[in-house]
Amino acid sequence: MSDNPSRLKVALVVGFYMVAALIMVFVNKVVLNSSPNLPLLMLFLQFIIAVICLHLSAVFSSKIEIPRQLLSMEKFKQLVPILIVNVVGLTFNTLCLRGVDASFFQIARGLVLPLTIAVQAIDAKTSPSIPVLTAAASVTIGFFLGIVPAPSAAAAASSSSSGAIALIWGALSSLMTAVHAVLIKRSLPYVDNSAIQLAYWTNATAALMLLPFVFFNGEVASVWAGLGYGQFSDPIAAGVGHPGAVITPPLWDWRTFVVGCLVTGVVGFLLCVAGLLSIKITSPVTHMFSSACRSVLQTLLGVWVFHDILTVNRVSSITVILMGSMYYTWVKAQDAGGKAAPQAKRPQPEDDVEQGLLMQPRVSNDDADSSVTMFEVPDDDEPKRESR
């Protein structure tokens, strides 16, 4: 890989990443709107598709190495913390997206950066610098600007439809993302420092962990009834006041669900590939600005596609969150500049996917859009971004 990639190559990689990320959010939202009672089944299918994509990639590329000790109980015990945090975090993320507007999703998960900084500081037993704390405070203020009730009746109705529970899912998802960032570095030595092997472990085990909950949550029965084969008992859908009530839903739009899961499963994998290319080709600042552009496009598309209501609070919130995130990226880029000279002495193989992934630190406040996870390991004092 050239040290100075052409502008066209950078533009193509950034564009690829932005398009893949936007497709993930909006197709997931379409699927959840058409099948709101099947969030875990959707996530389960995306995990399975991600594992299949990794296997297919391994067939065509020797750089993709599938773990050989898949039935190793010792390996499983070593990776249990990150496996649990991964599946729980993605479940919260999906539930959050189901309950909020597409344009509000990035606000609901706006605490990712502040929580990541806090968890990293607690884990490393260090104090963040004043500029980093300033960026975290800015993002936090932006989050609270977004969740303040809107004055207009229409906007208030939209906010109420999003629901306080969805905001709780978003906050918990952000916390899991922060904890996940710390666990990555601890887990990589157990898989020979291979980010791809760790990605395979997290996706394969997440599918196994979710499978029983798909049944317990009544989602298989819901699919059966939705196809027109009778009634089912679903205490969650029936409401707390009528546990066990019998429900006969309308016929289910299974085509939207199946096609949507296939699209998001494959695009989620491509999103991780785009993330790897972005790490190797672009700078952290370039990546952050591309994320900012994506956030603006996501907001505008949410208004156009889903008729989301765009309030002054939401616009202010997104603006403040983006400004704080970009300031944080600039601060970390300045810090990394001081370390560039010593690190320049270490040669990096041009065709080494793992080295490109593990050696270049990057952080951003991106949403966890993809079900397949690839990892990057930053310096000890820097939180990391997860692409999902």
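Residues numbered from 1 in each chain as written. Predicted model: local features only at pLDDT ≥ 70, side-chain atom pairs only at ≥ 80, totals over all residues. Heavy atoms only, no water.

## A short note on the overall build of the protein
1) Next: Looking only at helices and strands, the protein has 15 helices and two strands in total.
2) Next: Here the protein, with 388 residues, has 49% of them falling under the buried criterion.
3) Next: Considering only residue pairs separated by 6 or more positions, the protein has 81% of its internal contacts joining residues 24 or more positions apart.
4) Next: When the accessible area of the protein is evaluated, it comes to approximately 17600 Å², of which 69% is carbon and sulfur surface. (Helix = DSSP H or I, 4+ residues; strand = E, 2+ residues; numbered from the N terminus. Buried < 20%, exposed > 50% of the residue type's maximum accessible area, 1.4 Å probe, protein only. Contact = heavy atoms within 4.5 Å. Areas by Shrake-Rupley, 256 points an atom, 1.4 Å probe, with all protein chains shown as cover.)

## Some points on the packing of aromatic side chains
1) Next: Considering all chains together, one arrives at five aromatic pairs under this definition.
2) Next: With centroids separated by 5.2 Å and ring planes inclined at 80 degrees, the aromatic side chains of F143 and F144 adopt a geometry described as edge-to-face.
3) Next: On the basis of relative accessibility, which here comes to 46%, the residue F144 falls in the partly exposed class.
4) Next: With a centroid separation of 6.3 Å and an interplanar angle of 20 degrees, the aromatic rings of Y327 and W330 are classed as stacked. Here W330 and Y327 lie together in helix α14 (residues 312–343), a separation of three residues that amounts to about one turn.
5) Next: Here Y327 falls in the partly exposed class, since its relative accessible area comes to 33%. (Phe/Tyr/Trp six-rings, centres within 6.5 Å; stacked < 30°, edge-to-face > 60°.)

## Re the pattern of salt bridges
1) Next: Within this structure, the stated rule accounts for two salt bridges.
2) Next: Residues R314 and D101 are paired through a salt bridge, measuring 3.2 Å at the closest nitrogen-oxygen approach. Here D101 lies in the loop between α3 (73–99) and α4 (105–108) and R314 lies in helix α14, a separation of 213 residues in the sequence.
3) Next: Under the relative-accessibility criterion, R314 is labelled buried at 3%.
4) Next: Judged by relative accessible area, D101 falls into the buried class, the value being 13%.
5) Next: When the shortest N-O distance is used, the salt bridge between R186 and D123 registers 2.1 Å. Placement of R186 in helix α8 (residues 164–187) and of D123 in helix α5 (residues 112–124) is noted, with a sequence separation of 63 residues between them. (Salt bridge = Lys/Arg side-chain N within 4 Å of Asp/Glu carboxyl O.)

## Concerning the nonpolar core
1) Next: By size, the foremost hydrophobic cluster in this structure holds 30 residues, and its most contacted members are L38, L41, M42, F47, V100, L210 and F257.
2) Next: When contributions to this core are tallied by element, the ones reaching two or more residues are α1 (7–34), α2 (39–60), α3, α4, α9 (195–216), α12 (254–281) and α14.
3) Next: The element contributing the most residues to this core is α2, with six residues.
4) Next: Membership of the second largest hydrophobic core comes to twelve residues, among which are F92, I184, V191 and W201. (Core = buried A, V, L, I, M, F, W, Y, C linked by side-chain atoms within 4.5 Å.)

## Re the packing of α5 against α8
1) Next: Following both chains from N to C, one finds α5 and α8 inclined at 40 degrees, their axes separated by 8 Å at the closest point. Here α5 lies oblique to α8, going by the angle between them. Considering only the axes of α5 and α8, their crossing is right-handed. Here V112, L115, T116, V119, Q120 and D123 of α5 come into contact with α8, specifically with A171, S174, L175, T177, A178, V179, A181, V182 and R186.
2) Next: Residues that form the contact of α5 with α8 fall into these classes: nine nonpolar, four polar and two charged. (Axes fitted to C-alpha atoms, helices over the stretch in contact; angles between N-to-C directions. Parallel < 35°, antiparallel > 145°, perpendicular 65-115°, else oblique. Left-handed = near helix turned anticlockwise from the far one by under 90°. Nonpolar A, V, L, I, M, F, W, Y, C, P; charged D, E, K, R; others polar.)

## A few points about a nonpolar patch on the surface
1) Next: A cluster of nonpolar side chains, contributed by W224, L227, Y229, W254, V258 and L262, occupies part of the molecular surface with about 620 Å² of accessible area.
2) Next: Of the residues forming the nonpolar patch, the biggest block, three residues, is contributed by α12.
3) Next: Of note, L227 is situated in the loop between α10 (219–226) and β1 (232–233). (Patch = residues over 30% accessible without salt bridge, like charges linked within 9 Å, V, L, I, M, F, W, Y side chains within 5 Å.)

## Points about the environment of K63
1) Next: Among the secondary structure elements, K63 is positioned in the loop between α2 and α3.
2) Next: For K63, a relative accessible area of 40% corresponds to the partly exposed category.
3) Next: Sequence separation between K63 and I196 is 133 residues; the distance between their C-alpha atoms is 9.2 Å.

## Details of the packing of α1 against α3
1) Next: Two elements in contact, α1 and α3, have axes whose closest approach is 9 Å; the angle formed by their N-to-C orientations is 75 degrees. In terms of orientation, α1 and α3 fall into the roughly perpendicular class. Counting all contacts with α1, which are made through V25, N28, K29 and L32, the residues of α3 involved are T94, L97 and R98.

## What about the environment of V119?
1) Next: With respect to the secondary-structure elements, V119 resides in helix α5.
2) Next: Spatially, the C-alpha atom of V119 lies 8.8 Å from that of A181, the residues being 62 residues apart in sequence.
3) Next: Discounting residues that sit within four places of it in the chain, V119 has contacts with L175, A178, V179 and V182.

## Side note on unusual backbone geometry
1) Next: Although it is not a glycine, N193 adopts a positive phi angle of roughly 55 degrees.
2) Next: Mapping N193 onto the fold places it in the loop between α8 and α9.
3) Next: Taking the relative accessible area as the measure of exposure, N193 reaches 42% and is therefore partly exposed.

## Considering α10
1) Next: Those residues of α10 lying buried are E219, S222, V223, A225 and G226. One face of α10 carries all of its buried residues, which in axial projection span an arc of 165 degrees.
2) Next: Within two residues after α10, G228 carries a phi angle of roughly 95 degrees, on the positive side. (Arc of directions from axis to C-beta.)

## Some thoughts on the confidence of the model for the protein
1) Next: In the predicted model, the protein carries a mean pLDDT of 76, and the fraction of residues at 70 or more is 72%.
2) Next: Averaged over each element, pLDDT in the protein is lowest for helix α15 (residues 353–359) (36) and highest for α2 (92).
3) Next: For residues 233–248, every residue scores under 50 in pLDDT, and the model assigns this stretch 17 contacts once sequence neighbours within four places are set aside.
4) Next: When the criterion is pLDDT under 50, residues 374–388 qualifies, and its contacts beyond four places in sequence or with other chains add up to 80 contacts. (pLDDT = per-residue confidence, 0-100.)

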